[in-house]
Amino acid sequence: MALIAPSLLSSNFLNLQAECKMLNESAADWYHLDVMDGRFVPNISFGPMLVEFFRKATNKVCDVHLMIEEPGNYAEAFKKAGADNLTVHIEACPHLHRNIQQIKSLGMKAGVAINPHTPVVALQDILADIDLVCMMSVNPGFGGQSFIPHTIQKIKQLREMIDEQLLKVKIEVDGGVTLENAKSIIEAGADVLVAGNTVFKSDNPMATIAALKSL
Ligand code: DX5
Ligand code: ZN
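Residues numbered from 1 in each chain as written. Chains lettered and ligands numbered in written order. Predicted model: local features only at pLDDT ≥ 70, side-chain atom pairs only at ≥ 80, totals over all residues. Heavy atoms only, no water.

Trainee: Would you mind going over the sheet that holds strand β4 (residues 85-89) with me for this structure?
Mentor: Pairing between the strands of a sheet comes from backbone hydrogen bonds, and it takes one of two forms, parallel or antiparallel. Taking strand neighbours across the sheet as the criterion, the eight strands line up as β1-β8-β7-β6-β5-β4-β3-β2 in an open arrangement whose pairing is parallel. Unpaired on one side and paired on the other, β1 (3-6) and β2 (30-36) mark the two borders of the sheet. Adjacent strand axes in the sheet meet at a mean angle of 25 degrees, parallel and antiparallel pairs treated alike. Pairing analysis gives three bridges linking strand β3 (residues 61-67) to β4, with the strands arranged parallel. Residue pairing for β4: Asp 63 is matched across the bridge by Asn 85. Where helix α5 (residues 151-164) meets the sheet, its contacts fall on β5 (109-114), β6 (132-136) and β7 (170-174), and the angle it forms with β6 comes to roughly 165 degrees. (Pairing = 2+ DSSP bridges. Helix = DSSP H or I, 4+ residues; strand = E, 2+ residues; numbered from the N terminus. Axes fitted to C-alpha atoms, helices over the stretch in contact; angles between N-to-C directions. Contact = heavy atoms within 4.5 Å.)

Structure (structure tokens):
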């Protein structure tokens, strides 16, 4: 059974109070919050201010996915906003180890996200220092894209690396997760499923979350 992390990016921003209420009453485990800067990714979403509102609206884990350049400049702001997990992109961090140390010293769980073209082996020398890998199964920037099938191989490879070293790092899969492909993603070794459109564009989001959770 995987943890379910609905991505609020696909929610109705004119009705966030109701969306949060639904999530709080649902089987969802985490709020997945996608921060985009229009530089690292070709889209702009929201920043610490909105994360703070989500923090106040829920007791669930606030899982913040930073798709931004120079994330070190903002780690403290996201801590203050109430982030529990802070994930940075390997492709945006020439001094990744320093970013991870900073996140942990601020008292958050540290995650590293990798884009579809980034090989899993790039995580080799940081894996023991982190809590979470966010494996992108689409190119980051937008919700509602199709799952890239090659990701399944990457999840299996990462699962082996983690298990070989007896680590507790969680594998989170982000992008294009559906009720149809979720089972194969879990079987490949995922611990956390992010789901945006699959949840929020469905007729019954709460039932969809329960269905993902029951796989
Ligand atoms: C993509 C984001 C994802 C996205 C997932 O850049 O990181 O979290 O919102 O949305 P779906 O599930 O619709 O692909
Ligand atoms: Zn994300």
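Trainee: Is there a simple way to think about the site of ligand 1 in this case?
Mentor: Around ligand 1, a shell composed of 20 residues is seen, among which Asp 34, Gly 141, Gly 144, Asp 174 and Gly 196 lie nearest. Contacts to ligand 1 include His 32, whose side-chain N or O atom sits 3.4 Å from an oxygen atom. Contacts to ligand 1 include His 65, whose side-chain N or O atom sits 3.3 Å from an oxygen atom. About the coverage of ligand 1: the protein hides 99% of its 380 Å² of free accessible area. Mapped by element, the contributors of at least two residues to the shell around ligand 1 are β2, β3 and β8 (192-195). (Near = heavy atom within 4 Å. Polar contact = N/O pair within 3.5 Å; in protein donor to acceptor, adjacent residues only side chain to side chain. Areas by Shrake-Rupley, 256 points an atom, 1.4 Å probe, with all protein chains shown as cover.)

Trainee: How should I be thinking about the pattern of salt bridges in this particular structure?
Mentor: A side chain of one charge can pair with a side chain of the opposite charge when the charged atoms of the two come close. Tallying each qualifying case throughout the model produces eight salt bridges. In this structure, the salt-bridge partner of Arg 39 is Glu 69, at a minimum N-O distance of 3.3 Å. Residue Arg 39 is located in the loop between β2 and α2 (48-57), and its partner Glu 69 is located in the loop between β3 and α3 (75-81); the two are separated by 30 residues in the primary sequence. For Glu 69, a relative accessible area of 33% puts it in the partly exposed group. (Salt bridge = Lys/Arg side-chain N within 4 Å of Asp/Glu carboxyl O. Buried < 20%, exposed > 50% of the residue type's maximum accessible area, 1.4 Å probe, protein only.)

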